[in-house]
Amino acid sequence: MSIVVENLTKIYGQQRAVSDISFTVNKGEILGFLGPNGAGKSTTMKIATGYLIPDAGQVIVAGEDIVQQTRAAQRKIGYLPEHNPLYLDMYVHEFLQFSARTYQMSKPTARIAEVIEQCGLTREQNKKLGQLSKGYRQRVGLAHALLHEPEVLILDEPTTGLDPNQILEIRKLIKEVSRDKTVIFSSHIMQEVQALCDRVVLINKGEIIANQSIADFSKGLQTEAVLRVEFKQAIDVSVLEGLDVLTKVTHQQDGHYKVHAANSEEARSAIFKLAAEQNLPLVGLQEEGDSLEDIFHQLTQES
Amino acid sequence: MFAVFIKEINSFLNSLIAYIVIAVFLTTIGLLMWVFPESSILEYGYADMSTLFNLGPYVFMFLIPAITMRFFAEEKRTGTNELLFTRPMTAIDIIMGKYLAGFVLVVLSVLPTLLYFYSVYQLGKPVGNLDISGTVGSYIGLLLLGGVFVSIGVFASAITDNQVVAFVVAVFLSFVLYSGLESLAAIDIWGASALILQQLSIVFHYGALSRGLIDMSDIVYFLSVIGVMLLLTKLVLDARKWS
């Protein structure tokens, strides 16, 4: 087991930021750490990297207790903090050299060239960090987290604030570099976790709500399909309600309806048939966004 | 320690802070020693360096906080302290790296004043008619005083994320410790403890050194103040872990 978090508690004043959480990450696994903002993700990560000290419980990273053997554990961690703070007046090379020195790497030049190449920074390597776009800064952040070949990568919301293309690039990069590493990856975006991770820990208000493999997690979520149906004019709701395959119908405005069904495909064909038979002009039929998001919303609102 | 030291030195050099500090220090001292009639050696007519050693501390009192104010305050404001404290370095490594970088800058700004020393030495009649031991003692005192001011600046920078606050606090603490305590001791309410108050002030020990008397107790005083300040800095920085 590469990372063991046991009964971890952190209290800020009156507020329990993290409340008695426990989970483990196996070697080579990518763990998605999911939760709304303020759920305690960053606090947990800050404790795991030795930046904060927990009020109770312990974190063991690659066999080293982060509180007792802080330096030894920190040597094995690559950390990308939230918002990716960097020394903006440094050059890319200078920053990586500084990083290498903090890890007392003896001959860093070759390794620096390697991570620059790996993180796609070759063209930007002679620029100042302040001149780089956010996406490239994030690559520098990843490069310095990887530099000392850590066993464990801790990435705190690495894709926040990036544009959609950059998000895809960074995700791809994370996927590539994490092949032989243990990774904790925090996010508040469901699809991202689904795309990257083997397992999910869902946390809210400092407590763990779910800790499952990504397959189980998604399966548990896809209980019901939600469809948006749009007719040219408003129709009688009872017409739609008459369809057996639909479990619930709500009229929203004009010709817009929101329907729930157990099976999306059956429901869609049934609605289409109904429209054709009764000669109702159907102008839109769309499966609603992500039931994942809905469930995430539900889970984090209830508790 | 080495990593942080190099980083800070590079940052001084790249941001021009180093050049500005050295240039301002030398220009100010140069004007006071050679140009301004009230304090000029040429007007005064005696071959001694007392202008440098009497006014240098006041110049340092403003210049040193200006170079130390960003040390921790800026790291906190930009969040880069999280980068520092999650590396396998102790708080002492980080503090010493920054402290030494600041101290090296002080040494670099004092070093060119040896040229002034040489000039005064040559101007004496006969040549070399200058209190050498007093001057050497004063130089040691000035460097130690610079060391104390840097440690105060490092501490002030650690207690806030605002550079202006760090600057003002550092100037104030430097002033109180330099001559404020001695001036307080002059009030006639302390009785026997007036002497203790006086001995706590820098100017008491600085004055002793500048007479050319290098007493171990004075050296120990300066080193202890530096030690206490850096230790307080460590306490302040460690406190974040428990917050």
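None of these values were measured; they are calculated from a predicted model.

A.B. asks: Quick rundown of helix H2 (residues 17-35) of chain B? Include the residues and the values.
C.D. replies: All names here are of chain B. With 19 residues, H2 ought to run about 27 Å at 1.5 Å a step, and its terminal C-alpha atoms sit 26 Å apart, in line with that. What H2 keeps buried is the set Ala18, Phe25, Ile29, Leu32 and Met33. On an axial view of H2, the arc spanned by its buried residues comes to 100°, and they lie on one face. Opposite the buried face of H2, by more than 90 degrees, sit the exposed residues Tyr19, Ala23, Thr27, Leu31 and Val35. Summarising the contacts, the buried residues of H2 are in contact with helix H1 (2-14), helix H3 (41-44), helix H4 (50-68), helix H7 (91-110) and helix H8 (114-123).

A.B. asks: Quick one: what's the story with the UniProt feature "transmembrane region" (unreviewed entry) in chain B, residue by residue and with numbers?
C.D. replies: Residues and elements named next belong to chain B. Taking the UniProt record as the reference, the feature "transmembrane region" (unreviewed entry) is found at residues 12-35, 55-73, 94-118, 138-157, 164-181 and 219-237. Helix makes up 92% of residues 12-35 and strand 0%, whereas the separation of the span's terminal C-alpha atoms amounts to 29 Å. Between the end C-alpha atoms of residues 55-73 there is a gap of 28 Å, over a span that is 95% helix and 0% strand.

A.B. asks: Let's hear about the environment of B:Val110: which residues, and what values?
C.D. replies: All names here are of chain B. Of note, Val110 is situated in helix H7. Given 20 C-beta atoms within a 10 Å radius, Val110 is considered buried. Each C-alpha atom of the pair Val110 and Ile196 lies 30 Å from the other, and the pair is 86 residues apart in sequence.

A.B. asks: Talk me through the sheet that holds strand E6 (residues 77-80) of chain A; I want residue IDs and the actual numbers.
C.D. replies: Residue and element names in this part refer to chain A. With respect to topology, six strands assemble into an open sheet ordered E6-E7-E8-E3-E9-E10, the strand pairing being mixed. Strands with a single pairing partner mark the edges of an open sheet, and in this sheet they are E6 and strand E10 (207-213). For this sheet, the mean angle separating the axes of adjacent strands, direction not counted, is 15°. Looking at chain direction, strand E7 (residues 152-156) and strand E8 (residues 182-187) are connected through five bridges and run parallel. By the bridge assignment for E8, Val152 is matched with Thr182. Sheet contacts for helix H1 (residues 41-48): strand E3 (30-34), E7, E8 and strand E9 (199-204); angle to E7, the most-contacted strand, approximately 145°.

Reading the values: the criteria
Residues numbered from 1 in each chain as written. Chains lettered and ligands numbered in written order. Predicted model: local features only at pLDDT ≥ 70, side-chain atom pairs only at ≥ 80, totals over all residues. Helix = DSSP H or I, 4+ residues; strand = E, 2+ residues; numbered from the N terminus. Expected span 1.5 Å × (residues − 1). Buried ≥ 20, exposed ≤ 12 C-beta atoms within 10 Å, placed from the backbone. Arc of directions from axis to C-beta. Contact = placed C-beta atoms within 7 Å. UniProt positions renumbered as here; feature names shortened; annotations may be inferred. Pairing = 2+ DSSP bridges. Axes fitted to C-alpha atoms, helices over the stretch in contact; angles between N-to-C directions.

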